[in-house]
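Report on the structure
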Amino acid sequence: MKTRQSTLINHVLLSAFSLLMLYPVIWWVGASLKKTSELSLPTIWPSVPMWENYTKGWMFSNDFTFAHFFGNTLWMELWNVVGGVTTAAIVAYGFGRLNFKFQGLWFSILLLTMMLPGQVTVVPQYILFNNFGFVDSYIPLILPHFFGGGAFFIFLLVQFIRGIPRDLDEAATIDGASVYGIFWRIVLPLLKPALVTVGIFTFIWSWDDFFSQVLYLSSVDKFTVGLALRMFIDQFDIQWGQLLAMSLLSVIPSAIIFFFAQKHFVEGIATTGLKG
Amino acid sequence: MRTKLGSSINLAGYVFISPWLIGFLLLTLWPIAQSFYLSFTNYSLLDDPVWAGMDNYTRIFTSDATFKKSLIVTFMFVLFSVPLKLFFSLLVAMALNKNLRGMNLYRTAIYFPSLIGGSIAVAALWRNMFGADGYINQVLSWFGIEGTGWIVNPDTALGTLILLNVWQFGSTMVIFLAGLKQVPQEMYEAASVDGAGKMRKFWSITLPMLSPVMFFNLVLGIINSFQTFTAAFIVTKGGPINATYVYALFLYEKAFKHYQMGYASALAWILLVIVAALTALNFFASRYWVFYESDGRKAK
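Only a predicted model underlies this, so the values are computations on that prediction, with no experimental measurement involved.

What follows deals with the UniProt feature "transmembrane region" (unreviewed entry) in chain B. All names here are of chain B. The residues that UniProt annotates with the feature "transmembrane region" (unreviewed entry) are residues 12-33, 71-96, 108-126, 157-180, 201-223, 229-252 and 264-285. In this annotation, residues 12-33 is assigned 100% helix and 0% strand; the end-to-end C-alpha distance for the span is 29 Å. Helix makes up 100% of residues 264-285 and strand 0%. Its end C-alpha atoms lie 31 Å apart.

Here it is as structure tokens:
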């Protein structure tokens, strides 16, 4: 009886809090259907929904529709996720399982880089990419993901790998498996839930990584969704309705991915998530 | 035999970490060294760097009012947003760490604001919500309070950005949630048997067991807040009258608007020293409040 009551209270509290958190988003949905003149009215819903905010917004640029910008971003994301997931797994296995010379030293350096402000490296990195002629291409955005996917993910996976019982490795060694075989046949399959987490985080964070996109992409045909949205703000007469409509669409991919993967997401971070 | 095995492990180790190692040398170590060198030069990207000695640093510390302003703004930002975010995300993580029906929906709803991240969407949203005739002021007017144009008022503009940062507590919360899942249930059960109440369990079990995660979130929270950029860049553009001109924005404009790469590198190094000092302080202080399970109990 008592637990039933507390369950109800939990539901009420959580719903209320979710609503509070989502309130600006609900307003956003309504506002995306409003005329500019109605935007400042206190009503959530417009008097007449302006569905053309979506159609006009989708084709607001003379040269490209938003399909083009979504395509660009997803193409970049594909490489980011592939690069991050594969190389993070490889590097993490090296740190988590193999006792090579100076392993401790390198691992400390890895952890230190996590604390390095990005601003320190951004100017020389820009100069470097500029010298190679990579500015205004996706290479500066994609390439870093192929170097282990970032210290945070390597650290996460190393913690995970350390939780995998060593007995499995030893049994495989007796059966004649090499370190490469152990990685491929034992560690990698067990690492899957954690890799899902790495993939999702990579996707969401690089979708949001506005700074690098502003820095490295300058021609409109290469623009990501985020940069395309900025073009609305740079217009003389800002079409708020269209801007809000398109920006709402821009968060849908991340939201869908998060919803379907949030269970892995949480468990993947918990280093003990190895029961299954 | 033994040495042969040892050297093959060595080789394998370096093969496996090579992607990171190459990236580290190419995109971290070399840039750090180069930015240190550039901080003593004048460099516009077009011509070769010209040695300038301590000029950049002297100018920053003696005659650059914007530097001082942006540093103060950034410190204020860190001072408020980090503790607020930690507090909220822990609170919410505890509320979400239950077996309830529909938890997926709650989690997604609460995480949603963090998905929007630093996109332009947020800029549009925030400018409208906190505008002079925006939603916040309408709600306040029901209570007879007259609001201001929160974003155009220099006294409140930074506050709106702090609020925005706290609203997006999702990643911090998820890490707390993962930490909470790792606290052994037996501990709570044992405490219940001993008659401990909810508060007592929180202070004696949850908080100590969670302290390493708390520490992780605190250290990364401070580092990330010092680098805050997008919100100021798109919501306020640093204004009004530099009230939200955060350090990263200052550095960005010096480098990529005025092309003073040497000056910007010096700014970057000052930031590095500040962040490193604070992180070191954190690590030092952690000895007094962070509890590692492996110290107390033998890890299996």
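On to the UniProt feature "domain: ABC transmembrane type-1" (unreviewed entry) in chain A, then. According to UniProt, the feature "domain: ABC transmembrane type-1" (unreviewed entry) maps to residues 70-261 of chain A in the numbering used here. Across residues 70-261 of chain A, the secondary structure splits into 77% helix and 0% strand, with the terminal C-alpha atoms separated by 21 Å.

Right, let's get into the environment of Leu191(A). All names here are of chain A. One can find leucine 191 in the loop between helix 9 (179-190) and helix 10 (192-208). Distance from leucine 191 to tyrosine 93, taken between C-alpha atoms, is 9.9 Å for residues 98 residues apart in sequence. In this view, leucine 191 contacts Ala89, Leu157, Phe160 and Ile161; residues no more than four positions away in its chain are not counted.

Right, let's talk about the confidence of the model for chain B for a bit. Interpretation of the predicted coordinates at a detailed level should be avoided for regions scoring low in pLDDT. All names here are of chain B. Summary statistics for chain B give a mean pLDDT of 85 and a share of 94% for residues scoring 70 or more. Confidence drops under a pLDDT of 50 for residues 296-300, and excluding neighbours within four residues, the segment shows one contact in the predicted structure. The ipTM value of the predicted complex is 0.85, and its pTM value is 0.83.

All names here are of chain A. Residues annotated by UniProt as "transmembrane region" (unreviewed entry) correspond here to residues 12-30, 78-96, 105-129, 141-161, 182-207 and 240-261. From the first C-alpha to the last, residues 105-129 spans 29 Å; its make-up is 88% helix and 0% strand. The span residues 141-161 carries 62% helix and 0% strand; its end-to-end C-alpha distance comes to 28 Å.

Our focus in this paragraph is the interface of chain A and chain B. Between chain A and chain B, the contact holds 72 residues from the first and 70 residues from the second. Elements represented by at least two residues in the side of chain A that touches chain B include exactly helix 1 (2-31), helix 3 (66-97), helix 4 (103-114), helix 5 (118-131), helix 10, helix 11 (210-216), helix 12 (225-234) and helix 13 (240-269) of chain A. Looking at the side of chain A that touches chain B residue by residue, the classes come out as 48 nonpolar, 21 polar and three charged.

In globular proteins that are soluble, nonpolar side chains generally tend to be buried together. If you look at the biggest cluster of nonpolar residues, it comprises 137 residues, and the most contacted ones within it are Ala92(A), Ile154(A) and Leu157(A). Aside from chain neighbours lying at most four places away, what touches Leu157(A) is Ala88(A), Ala89(A), Ala92(A), Leu191(A), Ala194(A) and Val198(A).

Thresholds applied
- Residues numbered from 1 in each chain as written.
- Chains lettered and ligands numbered in written order.
- Predicted model: local features only at pLDDT ≥ 70, side-chain atom pairs only at ≥ 80, totals over all residues.
- UniProt positions renumbered as here; feature names shortened; annotations may be inferred.
- Helix = DSSP H or I, 4+ residues; strand = E, 2+ residues; numbered from the N terminus.
- Contact = placed C-beta atoms within 7 Å.
- pLDDT = per-residue confidence, 0-100.
- Nonpolar A, V, L, I, M, F, W, Y, C, P; charged D, E, K, R; others polar.
- Core = buried A, V, L, I, M, F, W, Y, C linked by C-beta atoms within 7 Å.
- Buried ≥ 20, exposed ≤ 12 C-beta atoms within 10 Å, placed from the backbone.

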